[in-house]
Each structure stands twice: as structure tokens, then as C-alpha cells.
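# A structural walkthrough
Below are the chains, spelled out letter by letter.
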Amino acid sequence: MQQAAEEEDRQIVLMISELSAERETRIVERLPREVDGLIVATSLCEDAFLREVAKDIPLVLVDRKVGRLASVLIDTPSGVAAIADHLIGMGHPRLCYVSGPPGSWAGAPRIAALRARAEESGAEIVVAGPIPSTVDAGIEIAETVAAAGVTAVIGHNSATVLGLLHGLGIRGVRVPEDVSVASADDFILFQSTKPAVTVLHLPLEEAGRAAVRMLERLLRGERPGRPVVIGPRLVIRESTLRARPPL
């Protein structure tokens, strides 16, 4: 986003809400007095609140859709469906999806996509969570995953999966020999963990540039057009293996 903004001779002010809807609301209420436009990523705010904000200042949402508000979406539901196809194709009959924090906009579409794939193939999806997107929460949910009788697990994000790897390990569950593990987003260290983790590579740079371009259109008084939808890419690594009998 910063690179794209500099090309337009603009400056980015970065504010972090730390996955708190209350903190995000306070930030979004205050910032319009200080900036020309807003880009809000993975918003946890209410739809009605975001619509009111968009009446007063140009607003672009990233990884969130609210009616006709300007938005850039990374199609993670199709991405987790691709992970499920990969795992089901390797003989995993019962998969677990560890869902993200309560209120996560991406959660329900991902679960729906996974259940659709499972129904088509005769596999089963178990949902664990919701849990905060933290390493500690991933460690704690590992006990539930280990007891669920699954042979594969998909984590909501990289922090969750880092915790899962540790939590499963301390319980004596081997990855991928006992259970395959995949992440619904990427993290550079997943290339060098033991085992290296199968991930969805999310084109964040492309999404950031698209959001800045869309905001520029709004600042010029133009319509945003349809949401920009960007597809992720499945990267298969060592953490997913052909299924063995359930735990």
C-alpha cells in the first residue's frame, strides 16, 4: 500500500486495531479528521457503522464486503476448498477446520466452502473454534484436534497453525505422519519449519495496490466499480501426507 501511495504522491498512516472491534471503531471514528481516505483491512466493525463512515469519507474495505461499498477481496473460501481437495485426494476422510475469531467475516464462507467439498466427496468436516488468531490459542485447541479423530487439519491463519504444530507435538502427535496440517494463509517461516507447512499463498501486495488504486478513484469522485477479487495459490509442502488410520 505504501509503495502504491507514494506513486500517487500520498502518505500512508498505519493504525493497528489488534483484532479488537472496539479499538477499530475508535480508530475509524477518529481518523477521518486527519486523513483524506480510509483503507480498512479485515474489519470487525458492524456493517451499519461502516456504511455511515463511507458517507463522510472515501472508504475501501480489504477482505470484507458490505453491500456496495468499495472492496478488495482475497478469495480464501476457494483457497480452503483447494486445500480440502488436496487432502481428500490423498485419502483423508475426516478433516478439521480450526476457525478464526468470533465475528470473522471470512469464517462462514470458508466453512460453507469446506462443507460443500466434503458433501461432494463423501468426506466429513469437523469445525473447532472459533478461537483468537494467536499462537497460544492454537496450542490450546491442539488437544481438541487430537481428540477429534481426524487425519488432517486446516488452520484459520499462520499464528493458529504455529500454535497447532507446537501443541500437537507436545501431545505426541506427529505431523504429518499422524495428522496432516495446512494453513489458510502463508508465513515466510513455514518454508523452514519441520515439517515445512502446506499453505495458501495470499497475494497481499496485489491486494494492497488494488486497494490504493480504488481509493484514488473514490478521491477523484469516481464510482469504485465491482469488488476486486484476487485468488490465492495453494503451495504444497511436507506437512500434508497421504492419510493413515484416524488417531
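A few points on the structure. It should be emphasised that the depicted structure is a prediction, and the values quoted were computed from it without experimental measurement.

### Some details on the environment of Gly231
Along the polypeptide, Gly231 turns up in the loop between strand S9 (228-230) and strand S10 (233-235). Through-space distance from the C-alpha of Gly231 to that of Thr42 is 16 Å; in sequence the pair is 189 residues apart. Not counting chain neighbours up to four residues away, the residues in contact with Gly231 comprise Asp75 and Pro203.

### Some remarks on a nonpolar patch on the surface
Taken together, the side chains of Met1, Ile12, Leu14 and Ile16 define a hydrophobic patch exposed on the protein surface, amounting to about 380 Å² of accessible area. Position of Leu14 relative to the elements: it lies in the loop between helix H1 (2-7) and helix H2 (21-30).

### A short note on the packing of helix H6 (residues 135-146) against helix H7 (residues 158-170)
Where H6 meets H7, the closest approach of the two axes is 7 Å, and the angle between their N-to-C directions is 55°. Classified by the interaxial angle, the pair formed by H6 and H7 is oblique. H7 is crossed by H6, and the crossing has right-handed handedness. Across the interface between the two elements, Val135, Gly138, Ile139, Ile141, Ala142, Val145 and Ala146 of H6 pack against Ala159, Thr160, Leu162, Gly163, Leu164, His166, Gly167 and Leu168 of H7. A breakdown of the residues in the contact of H6 with H7 according to their chemical character gives ten nonpolar, five polar and no charged.

### Observations concerning the packing of aromatic side chains
Here the distance between the centres and the angle between the planes together describe a pair of aromatic rings. In total, this model carries one aromatic pair according to the counting rule given. Arranged with centres 5.7 Å apart and planes meeting at 90°, the rings of Phe187 and Phe190 form a pair that is edge-to-face.

### Here's the deal with the pattern of salt bridges
Applying the stated criterion across every chain yields a total of twelve salt bridges. The partner of Glu18 in a salt bridge is Arg23, with the nearest N and O atoms 2.9 Å apart. For Glu18, a relative accessible area of 61% gives the class exposed. Accessibility expressed as a relative area gives 34% for Arg23, which makes it partly exposed. Here Arg117 makes a salt bridge to Asp85, at a shortest N to O gap of 2.9 Å. Of this pair, Arg117 sits in helix H5 (residues 107-121) while Asp85 is found in helix H4 (residues 76-89), placing the two residues 32 residues apart along the sequence. Ionic contacts of the salt-bridge type, sharing partners, join the residues Arg10, Asp36 and Glu216 into one network.

### Topic: the pairing of strand S3 (residues 70-74)
Of all five residues making up S3, five are buried, and the element is well covered by its neighbours. Along S3, one buried face is formed by Ala70, Val72 and Ile74 and the opposite face, lined by Ser71 and Leu73, is buried too. Here strand S2 (residues 59-62) pairs with S3 via three bridges, running parallel. Following the sheet pairing, Val62 is matched in S3 by Val72.

The rules we used
Residues numbered from 1 in each chain as written. Predicted model: local features only at pLDDT ≥ 70, side-chain atom pairs only at ≥ 80, totals over all residues. Heavy atoms only, no water. Helix = DSSP H or I, 4+ residues; strand = E, 2+ residues; numbered from the N terminus. Contact = heavy atoms within 4.5 Å. Patch = residues over 30% accessible without salt bridge, like charges linked within 9 Å, V, L, I, M, F, W, Y side chains within 5 Å. Areas by Shrake-Rupley, 256 points an atom, 1.4 Å probe, with all protein chains shown as cover. Salt bridge = Lys/Arg side-chain N within 4 Å of Asp/Glu carboxyl O. Axes fitted to C-alpha atoms, helices over the stretch in contact; angles between N-to-C directions. Parallel < 35°, antiparallel > 145°, perpendicular 65-115°, else oblique. Left-handed = near helix turned anticlockwise from the far one by under 90°. Nonpolar A, V, L, I, M, F, W, Y, C, P; charged D, E, K, R; others polar. Phe/Tyr/Trp six-rings, centres within 6.5 Å; stacked < 30°, edge-to-face > 60°. Buried < 20%, exposed > 50% of the residue type's maximum accessible area, 1.4 Å probe, protein only. Pairing = 2+ DSSP bridges.

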